[in-house]
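# Summary of the model geometry
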Amino acid sequence: MEPVYDVMTRLLTEHFGVPKDQIRPDATLEALEFDSLARLELGMLLTDTLGVSLPEDRADITLAEAAEHLTAAVAAAGAAPLPHKAVR
């Protein structure tokens, strides 16, 4: 099972082209210059991959906070992260 933070890192780099050196636990989506459309798209990708999504009202959420939220949501849903899916 791939840790949630690793899933997020993979999606950010592979799908959105965020350089790995910008991805840190204290980085926010706002600091990574994600607008509302990019946040929505990331949310949909996370839903497809994990079965849960980010809170939509938190542009200032850090990647660490997002990973905690998603991990708790996955556990609460009784779902396990799905195997690695190809990201286009």
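Everything below is about the structure shown above.
These remarks concern the structure in this document. Remember, predicted model here, so these are calculated numbers, not experimental data.

## Comments concerning the overall build of the protein
What the protein contains, in helices and strands, is three helices and zero strands. When the helices and strands of the protein are read in sequence order from the N terminus, they spell out α-α-α. Summed over all atoms, the accessible surface of the protein reaches about 5,200 Å², with 55% contributed by carbon and sulfur.

## Quick notes on a nonpolar patch on the surface
Together, Leu37, Leu40 and Met44 line one region of the surface with nonpolar side chains, adding up to about 320 Å² of accessible area. Following the sequence through the fold, leucine 37 ends up in helix α2 (residues 36-50).

## Some remarks on the packing of aromatic side chains
Counted by the stated rule, this structure contains one aromatic pair. Between phenylalanine 16 and phenylalanine 34 the ring centres are 4.9 Å apart and the planes differ by 55 degrees, which places this aromatic pair in the tilted class. Of the two residues, phenylalanine 16 sits in the loop between α1 (4-14) and α2 while phenylalanine 34 sits in the loop between α1 and α2, which places them 18 residues apart along the sequence. Since its relative accessible area comes to 22%, phenylalanine 16 is described here as partly exposed. Among the residues examined, phenylalanine 34 registers a relative accessible area of 7% and is labelled buried.

Thresholds, definitions, all that
- The numbers attached to residues start from 1 for each chain and follow its sequence in the written order.
- Where local features are concerned, this predicted model is filtered to residues with pLDDT of at least 70; where side-chain atom pairs are given and counted, the filter is 80 or more; whole-chain, interface and lining totals use all residues.
- Excluding hydrogens and water, the side-chain figures rest on all heavy atoms present in the structure.
- Working definition: helices are DSSP H or I runs of at least four residues, strands are E runs of at least two. Numbering for both runs from the N terminus.
- Using a 1.4 Å probe, accessible areas were evaluated by the Shrake-Rupley method; residue-level cover was limited to the displayed protein chains.
- Here the term patch refers to residues with relative accessible area over 30% and no salt bridge, with like charges joined within 9 Å and nonpolar side chains (Val, Leu, Ile, Met, Phe, Trp, Tyr) within 5 Å.
- For this analysis, a salt bridge means a side-chain nitrogen from Lys or Arg found within 4 Å of a carboxyl oxygen belonging to Asp or Glu.
- Note on aromatic pairs: the rings of Phe, Tyr and Trp (six-membered ring only in Trp) are paired at centre separations within 6.5 Å, and the planes decide the class, stacked below 30 degrees, edge-to-face beyond 60, tilted for the rest.
- For every residue, the accessible area (1.4 Å probe, protein chains only) is compared with the maximum for its type, and the residue is labelled buried under 20%, exposed over 50%, or partly exposed between those bounds.

The values are spatial; any link to function lies outside them.
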